[in-house]
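# Structural overview for review
These are the residues of each chain, in order.
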Amino acid sequence: VEHGPHVDKQSTLSKVGAAAAESLWSRSKVWLFILLWFALNIGWNDVTVKACKAYNFHWAIALWQLAFGWVIFVPLWIVGFRKVPRLTGKEALRLSPAALGHLVTHVGAVFAFGSDAPAFGRIVKAAEPVLSCMMNFLLVGEVLRWPVYATLAPIIGGVVMASLGELAFSWRVVGAAMASNVGAAWRAVYTKAAMQGGKIGEHMDAANTYAVMTIMSTFMLLPLTLLIEGPSAIIDGLGPAYAQVDDPFVWQMVLGGFFYYMFNDFAFLALEQLDPVSHAVANAMKRLVVISYLAVRFGEPLSLLSGVGGCTAIVGTLLYSLARRKFA
């Protein structure tokens, strides 16, 4: 009995320590999520450029990176770390157009960033808000306030400046990046409209919605890849790519699939922890960091006009996000 107060004091200290540790984690985890989001995104861009140079089958690379996500989220469902999503056939059909947008977003990005001008592809990707405004108007009839539309001017102007000053300009990169923008805008606008029509499935949080769209996109992309690039050519192309000594192709592919799924997953986790304004700032900073990294890493020549244009477009995307928040 005489040891009771001492035991109570230890118990109280333990609880205080646990509470302090939990508080520290809750304050610091958002920075960890942002750091991993940035690092994994850079890693994905890096290995995708290398893989596309070694293996000229971009559709197959995009398919592999989508399919690799299964290796990550299926075990999480099996061990119970995440709840298994449940959808009816009708609900899956409702979500399928968003999955198609996800497919186009990814394939376009692989073609744009797997080119000889990956940094330029990233700059063109900054034009996504322009497509989002168009999709919002065409699909749901949403008319935004004029300050929101005004922020599109620096985005369009910046991309045009970057294109005019780009020393490694490629219409293929522009087309692929813009196709990716269309897919991303379609995915976002359609998903929002679909959710307004009622809840879709059970346990469909942001992470599981992304996983389900990954599954559906993989099944959509498989026949397209086999039709466009051909199974025999895809298999035959693996030999020369695998024969590389300096940079192992298998390692590039494994990391490409892992980085792709995980950077998107941590982007969702960061979004859940940040308010919209902070997330917009973080996303703009991410674009700037990735563009700078790609330009330096792969020796992509960026003229002064191209650099200024890229920065202008990135600032425009930040202003757009802030304006959408303020005038929603």
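To start, this report covers the structure provided alongside it.

The rules behind these values
Residues numbered from 1 in each chain as written. Predicted model: local features only at pLDDT ≥ 70, side-chain atom pairs only at ≥ 80, totals over all residues. Heavy atoms only, no water. Helix = DSSP H or I, 4+ residues; strand = E, 2+ residues; numbered from the N terminus. Buried < 20%, exposed > 50% of the residue type's maximum accessible area, 1.4 Å probe, protein only. Contact = heavy atoms within 4.5 Å. Areas by Shrake-Rupley, 256 points an atom, 1.4 Å probe, with all protein chains shown as cover. Core = buried A, V, L, I, M, F, W, Y, C linked by side-chain atoms within 4.5 Å. 1 Å grid on protein atoms, 1.4 Å probe; cavity = no way out; pocket = protein on both sides within 12 Å on 5 of 7 lines; lining within 4 Å. Points joined across faces, edges and corners; volume = space filled by probe spheres on them. Nonpolar A, V, L, I, M, F, W, Y, C, P; charged D, E, K, R; others polar. Phe/Tyr/Trp six-rings, centres within 6.5 Å; stacked < 30°, edge-to-face > 60°. Salt bridge = Lys/Arg side-chain N within 4 Å of Asp/Glu carboxyl O.

## As for the overall build of the protein
Across its full length, the protein carries 13 helices and 0 strands. Listed by position from the N terminus, the elements making up the protein come as α-α-α-α-α-α-α-α-α-α-α-α-α. Residues classed as buried in the protein amount to 48% of the 328 residues present. Excluding contacts between residues fewer than 6 apart, the proportion of contacts in the protein whose partners are at least 24 apart in sequence is 90%. Accessible area for the protein stands at about 16400 Å²; split by element, carbon and sulfur atoms hold 70% of it.

## Remarks on the nonpolar core
Trp 37, Trp 44, Tyr 55, Ile 61, Leu 221 and Tyr 261 are the most contacted members of the largest nonpolar core, which has 53 residues in total. Elements that contribute at least two residues to this core include exactly α1 (4-54), α2 (58-78), α3 (89-113), α4 (118-125), α8 (171-196), α9 (206-229), α10 (231-242) and α11 (249-273). Top contributing element to this core by residue count: α11, with 11 residues. Each residue touching Tyr 55, except ones within four places of it in the same chain, is listed here: Ala 60, Ile 61, Ile 234, Gly 237, Leu 238, Ala 241 and Phe 249.

## A few points about the layout of surface pockets
Taken as a whole, the second largest pocket encloses approximately 190 Å³ of empty space. The wall of the second largest pocket is formed by 13 residues, among which Val 124, Val 159, Ser 163, Val 174 and Met 178 lie closest to the centre. For the lining of the second largest pocket, the secondary structure elements donating two or more residues are α5 (128-140), α7 (152-165) and α8. In terms of residue class, the lining of the second largest pocket is built from 12 nonpolar, 1 polar and no charged.

## As for unusual backbone geometry
A positive phi angle, close to 60 degrees, is found at His 203, a residue other than glycine. Within the secondary structure layout, His 203 lies in the loop between α8 and α9.

## Let's talk about the packing of aromatic side chains
Enumeration according to the criterion identifies 18 aromatic pairs in this entry. Taken together, a centroid distance of 5.0 Å and an interplanar angle of 45 degrees make the contact between Phe 73 and Trp 77 tilted. You can see Phe 73 and its partner Trp 77 sitting in helix α2, 4 residues apart, about one turn around the helix. The pair formed by Phe 73 and Trp 77 is uniform in burial state, with each residue classed as buried. A centroid spacing of 5.5 Å and a plane angle of 45 degrees characterise the contact between Phe 73 and Tyr 261, whose relative ring orientation is tilted.

## Focus on the pattern of salt bridges
Evaluation of the coordinates by the stated rule reveals 5 salt bridges. The partner of Asp 46 in a salt bridge is Lys 50, with the nearest N and O atoms 3.1 Å apart. With Asp 46 and Lys 50 both in helix α1 and 4 residues apart, the pair spans about one turn of that helix. With a shortest N-O distance of 3.0 Å, Arg 297 and Asp 46 are connected by a salt bridge. A residue pair is termed long-range when its members are at least 10 positions apart, and Arg 297 in helix α12 (residues 276-297) and Asp 46 in helix α1 qualify at 251 residues. Overall, the relative accessible area of 38% leaves Arg 297 in the partly exposed class. Connected through salt bridges with shared partners, the residues Asp 46, Lys 50 and Arg 297 form a single ionic network.

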